[in-house]
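Descriptive analysis of the structure
Single-letter residue listing:
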Amino acid sequence: MTDFTLPGVAISDAVGRLAAVGAQTVVITGDSITQQMGYTDNVITQFDISYAVWANAVMGGRFTFLNNAGVGSTRSDTMLANMDEKVLAYQPDWCWMLIGANDANASTGTSAEIIAGFKTNVSAAIAKCRAAGVRVLIGTIMPTLSSNTSWSAERVYRVHTMNSWIRALPHTYPGLVVADFAAALVDPTSATGQPKSGYLQADDGIHPSHKGAYYMGLVVKEALEGITPKAPRLVASVTDTYGYNSAGQQMFDNPLFTTTSGGTNSTSGTITGTVPGGCTLLKSGTWGSSHGASDTVARADGFGNDWRVTVTNTGANDDNLSLSSFNLSARFAAGDKVFATASVAASGLAQWKGASFFVESTSGSTTYRAGALERATTDDPAAAVGTFFQGDHEVTLVTGVLTIPEGFSSFYWRARPRWIAAGGTGVVRIGRVGIWKIPVA
């Protein structure tokens, strides 16, 4: 099977555009804070410590990421050098930049020279984007914990000066958008410019945690809400199913969960109640029995039902559930390109560790996966519950694009909520689930 390509456009860009369904396309660039979104082609893995992933989730999935051009341990000069190959070659609608943390760490040159070099490089990168018709969102540089070896009063001064310049950029470049991450993450009462508690990963004190990335995503939402169009990413009809039209693009038969029972509950009594048709509920971890219930509930927007699981008391760190489809492998062929969309909500959270949503296919002993809000184990210390966002939220999740492997034997969509300790609670709802097969030429 041949890939569908667009003239002069990279393969992953072509696939991303087909998956976009009216969405704006984005390439993200910067240093390791950007890189930690994920590392694979077409940004298949989208980790929950990425501001960009959270921004898309809280904005209704209106963006499609074509490439992750972040490179760890680099400065603005590297970002500039990579602009043509790693950003502009994908012809995105937007370039989201977050750079400067490593410039501020520089040990060669005076502060004035370092800041001047940063301004020169960023200005040149912006100019390249504007010349190519690519809009730019640029983030301010985040604060750093004083426990990080790079922290110093001089670094705080450099970051403050660079951020003041970034905030003024729209006056020089009309239409450029600033996401003021620094203002959202800094503790305003700290005399040393420290971040708010739990917003950075405790192991290094410089990269955002799950909680910090969530609030950074809200900053992007505030900056872009009124200037980017919404995209129709979710299933809207029970007729948009494989059973109704096997030649269509949506492969799941119960997307609005109107068939409220008939699924399989494989939690051995840990979660009681019913499971929607075509679905399976599984558990992993130290649960015990009678710790929750499964049912369906009508959606407020009128689009069918949500599958709802209410958890009342987890047993230990890393207890998790898997809300899943039956095996859908008969509906695909090797080489098919597939992604998923869903509305996911969580409330009443305690000891919460997040919820990932993904599609996966197994060939032999290898499992291939494309997800959204995938759990990042680099930010997973059992005692750091404060680094995981515990507030109520409802998001639209769009996975990366999965290529079905040769010799595959299974295909599922899964939503996987996790908890970080005993005594965890939460109500998780998922609805309007779509499994989309991208057409090829």
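If you're wondering where the values come from, they're calculated on a predicted model, not measured in any experiment.

**Structural notes on the overall build of the protein chain**
The helix and strand tally for the protein chain stands at 11 helices and 18 strands. Relative to the globule expectation of 22 Å for 441 residues, the C-alpha radius of gyration of the protein chain, 22 Å, shows essentially globular dimensions. Summarising its shape, the C-alpha atoms of the protein chain cover approximately 70 × 55 × 40 Å along the three principal directions. Going through the 441 residues of the protein chain one by one, you find that 55% of them count as buried. Sequence separation of 24 or more characterises 75% of the internal contacts of the protein chain that already satisfy a separation of 6 or more. The average position of the 30 basic charges and that of the 33 acidic charges among the side chains of the protein chain differ by 3 Å.

**Section: empty space enclosed by the protein**
Applying the stated criterion across every chain, the model contains 8 cavities of 30 Å³ or more. Breaking the lining of the second largest cavity down by element, the ones donating at least two residues are β12 (337–350), β13 (352–363) and β15 (393–398). Residues that form the lining of the second largest cavity fall into these classes: 10 nonpolar, 3 polar and no charged.

**Section: the confidence of the model for the protein chain**
With 92% of its residues at a pLDDT of at least 70, the protein chain reaches an overall mean of 92. With pLDDT under 50 throughout, residues 1–9 is counted as low confidence; its partners more than four residues away or in other chains account for 20 contacts.

**Re the sheet that holds strand β11 (residues 320–325)**
Pairing between sheet strands relies on hydrogen bonds along the backbone, with the strands arranged either parallel or antiparallel. Spatially, β6-β8-β11-β17-β13-β14 is the arrangement adopted by the 6 strands of the open sheet, whose pairing is mixed. Edge positions in the sheet fall to β6 (264–265) and β14 (366–372), since each of these pairs with one other strand and no more. Pairing between β6 and strand β8 (residues 279–284): 2 bridges, direction parallel. Paired with N265 across the bridge in β8 is L281.

**Details of the pairing of β14**
In the sheet, β13 pairs with β14 via 7 bridges, with the strands oriented antiparallel. Within β14, the residue paired with V359 across the bridge is A370. Hairpin remark: β13 followed by β14, antiparallel, with 2 residues in the connecting loop; positive phi at G364, about 65 degrees.

**Some words on the packing of helix α7 (residues 111–131) against helix α8 (residues 153–167)**
α8 packs onto α7 with a crossing angle of 35 degrees between their chain directions and a minimal axis gap of 11 Å. The way α7 lies across α8 gives a crossing that is right-handed. Contacts between α7 and α8 involve S111, I114, I115, F118, K119, V122 and S123 from the former and E154, Y157, R158, T161, M162, W165 and I166 from the latter. Its residues assigned to classes, the contact of α7 with α8 comprises 8 nonpolar, 3 polar and 3 charged.

**Observations regarding the pattern of salt bridges**
Applying the stated criterion across every chain yields a total of 17 salt bridges. The closest approach of N and O atoms between R167 and D180, which form a salt bridge, is 2.8 Å. With R167 in helix α8 and D180 in the loop between β5 (177–179) and α10 (181–185), the pair connects residues that are 13 residues apart, well separated along the chain. R167 sits in the partly exposed class, given a relative accessible area of 34%.

**Overview of the layout of surface pockets**
In this model, the largest pocket occupies a volume close to 400 Å³. M59, G60, K230, L234 and T396 are the residues nearest the centre of the largest pocket, which is lined by 22 residues in total. Among the elements of the structure, α3 (51–58), α11 (210–224) and β15 are those that each provide at least two residues to the lining of the largest pocket. For the lining of the largest pocket, the element with the highest residue contribution is β15, accounting for 4 residues. Class assignment of the residues belonging to the lining of the largest pocket gives a composition of 9 nonpolar, 4 polar and 9 charged. Estimates place the volume of the second largest pocket at around 230 Å³. Its residues placed into classes, the lining of the second largest pocket shows 8 nonpolar, 4 polar and 2 charged.

**Observations concerning the packing of aromatic side chains**
Per the stated rule, a full pass over the model turns up 18 aromatic pairs. Consider the rings of W54 and Y214, whose centres lie 5.1 Å apart with planes at 90 degrees: the pair is edge-to-face. Residue W54 is located in helix α3, and its partner Y214 is located in helix α11; the two are separated by 160 residues in the primary sequence. One exposure class covers both W54 and Y214, and it is buried. When the centroid spacing of 5.5 Å and the interplanar angle of 80 degrees are considered together, the rings of F252 and W413 count as edge-to-face. With F252 in the loop between α11 and β6 and W413 in strand β17 (residues 408–419), this pair connects stretches of sequence that are 161 residues apart.

**As for the nonpolar core**
Counting residues in each nonpolar core, the largest one holds 75 residues, and the members touching the most others are W96, W307, W413, I430 and I435. At 7 residues, the largest contribution of residues to this core is made by α3. I99, A101, Y173 and L176 belong to the second largest nonpolar core, which has 30 residues in total.

**Section: α3**
The α-helix advances 3.6 residues per turn, and as a result positions three or four apart in sequence lie on the same side. A large share of α3 lies buried, amounting to 8 of its 8 residues. Of the positions making up α3, those classed as buried are Y51, A52, V53, W54, A55, N56, A57 and V58. G60 occupies a position one or two residues after α3 and carries a positive phi of about 80 degrees.

**Focus on the side chain of S32**
Here S32 shows up in helix α2 (residues 32–35). Apart from residues no more than four positions distant in its own chain, S32 is found in contact with V71, G72, S73 and H207.

About the cut-offs
- Every chain is numbered independently, its residues counted from 1 as its sequence is written.
- Reporting of local features is limited, given that this is a predicted model, to residues whose pLDDT is at least 70; pairs of side-chain atoms are given and counted only at 80 or more, and all residues count toward the totals for whole chains, interfaces and linings.
- As a convention, hydrogens and water are excluded, and side-chain values are obtained from all of the structure's heavy atoms.
- Each helix is a run of DSSP H or I of at least 4 residues and each strand a run of E of at least 2, with the numbering of both proceeding from the N terminus.
- Radius of gyration here is computed from C-alpha atoms only, and the compact-globule reference equals 2.2 Å multiplied by the residue count raised to the power 0.38.
- Classification of residues uses two cut-offs on accessible area relative to the type maximum, computed with a 1.4 Å probe and protein chains only: under 20% is buried, over 50% is exposed, and between them is partly exposed.
- Contact between two residues is taken to exist if any of their heavy atoms lie within 4.5 Å; hydrogens are not considered.
- When charges are counted, neither His nor the chain ends are considered; positive counts come from Lys and Arg and negative counts from Asp and Glu.
- Note on charges: their place is set at NZ of Lys, CZ of Arg, CG of Asp or CD of Glu.
- Site definitions follow a grid-based scheme: protein atoms alone, a 1 Å grid, a 1.4 Å probe that fits but cannot get out for cavities, and for pockets an open set with protein on both sides within 12 Å along at least five of seven lines, plus lining residues having an atom within 4 Å of a point.
- Grid points are joined across faces, edges and corners, and a volume is the space filled by probe spheres set on the points.
- When residues are grouped by polarity, Ala, Val, Leu, Ile, Met, Phe, Trp, Tyr, Cys and Pro land in nonpolar, Asp, Glu, Lys and Arg in charged, and all others, Gly among them, in polar.
- Every residue is assigned a pLDDT by the predictor, reflecting its confidence on a scale from 0 to 100.
- Two strands are counted as paired when DSSP detects at least two bridges linking them.
- Between N-to-C directions, angles cover 0 to 180 degrees, with each direction set by a line fitted to C-alpha atoms, over the stretch in contact for helices.
- We call a crossing left-handed when the near helix sits turned anticlockwise from the far one by less than a right angle, and right-handed when that turn is clockwise.
- In the sections that follow, a salt bridge refers to a side-chain nitrogen of Lys or Arg positioned within 4 Å of a carboxyl oxygen of Asp or Glu.
- The criterion for an aromatic pair is that two Phe, Tyr or Trp rings (for Trp, the six-membered ring) have centres within 6.5 Å, with stacked assigned to planes under 30 degrees apart, edge-to-face to planes over 60 apart and tilted to the rest.
- Among the buried residues, those of types Ala, Val, Leu, Ile, Met, Phe, Trp, Tyr and Cys that are joined through side-chain atoms within 4.5 Å form a nonpolar core.

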